[in-house]
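The residues making up each chain are set out below.
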Amino acid sequence: MSLVARARARARARARARARASAYGTVLVRGGRLNPQGEDAYLRPSLVEVVDPAAPLVQQGVFGPVATFEVFDNEDDVVRRANATEFGLAASVWSSDAARPVRLADRLDAGTVWIDNWGMTYDQFEESGMKQTGIGRLNGACGPAEFQEIKHLVHTVRVG
């Protein structure tokens, strides 16, 4: 489930999920409104199996709960597919073989590669991507150079 706050963005995400999903792949999980009778800000996720890595559903950022699923033949094929986009923010490699994800991560054009997990970030990590998502750095040793003034406010709210 994903929160998509603006009505226009929700409509665009729903339209892309419906139109592109059917045109470019097999819909494995069809998302949609959480509350079909009303207009709310939450959308259920969609999962689409895509054969062609050049499909717009893969190549264009869909800022909503739409994920693609691609089947690969071997490591070279998966690296080719993963790197065949102009974006490179993050990737996740899952494997029961301890050496394979490390080997693949080195070949992926992504700013962050998670191995057997997803979405973990820490303040000590630089955050950025490669290619069209590679402008600027946040956090870590390179982060302060991006900003002239930094201020952190940490406020603990006591209840009761």
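Rules of the game
- Residues numbered from 1 in each chain as written.
- Predicted model: local features only at pLDDT ≥ 70, side-chain atom pairs only at ≥ 80, totals over all residues.
- Heavy atoms only, no water.
- Core = buried A, V, L, I, M, F, W, Y, C linked by side-chain atoms within 4.5 Å.
- Buried < 20%, exposed > 50% of the residue type's maximum accessible area, 1.4 Å probe, protein only.
- Helix = DSSP H or I, 4+ residues; strand = E, 2+ residues; numbered from the N terminus.
- 1 Å grid on protein atoms, 1.4 Å probe; cavity = no way out; pocket = protein on both sides within 12 Å on 5 of 7 lines; lining within 4 Å.
- Points joined across faces, edges and corners; volume = space filled by probe spheres on them.
- Nonpolar A, V, L, I, M, F, W, Y, C, P; charged D, E, K, R; others polar.

**Some thoughts on the nonpolar core**
Move 1: With 7 residues, the main nonpolar core is built from Val48, Val50, Ala55, Leu57, Val58, Val62 and Val66.
Move 2: Of all hydrophobic cores here, the second largest spans 6 residues; its members include Val79, Val93, Leu104 and Leu108.

**Description of unusual backbone geometry**
Move 1: Of note, Asp116 is a non-glycine position whose phi angle comes to about 55°, a positive value.
Move 2: Along the polypeptide, Asp116 turns up in the loop between strand E9 (112–115) and strand E10 (130–131).
Move 3: In this structure, Lys131 is a non-glycine residue whose phi angle is positive, near 60°.
Move 4: Within the secondary structure layout, Lys131 lies in strand E10.
Move 5: Here Lys131 falls in the partly exposed class, since its relative accessible area comes to 35%.

**A few points about the layout of surface pockets**
Taking a probe equal in size to a water molecule and rolling it over the atoms shows the remaining empty space.
Move 1: Considering only enclosed or pocket space, the largest pocket measures out at about 1800 Å³ in volume.
Move 2: Lining the largest pocket are 46 residues; nearest its centre among them are Thr68, Ala90, Ala91, Ser92 and Trp118.
Move 3: Those elements giving two or more residues to the lining of the largest pocket turn out to be helix H2 (56–59), strand E6 (66–69), helix H3 (75–83), strand E7 (87–88), strand E8 (90–93), helix H4 (99–107) and E9.
Move 4: The dominant element in the lining of the largest pocket, judged by the number of residues it contributes, is H3, at 5 residues.
Move 5: Residues belonging to the lining of the largest pocket are distributed by class as follows: 24 nonpolar, 15 polar and 7 charged.

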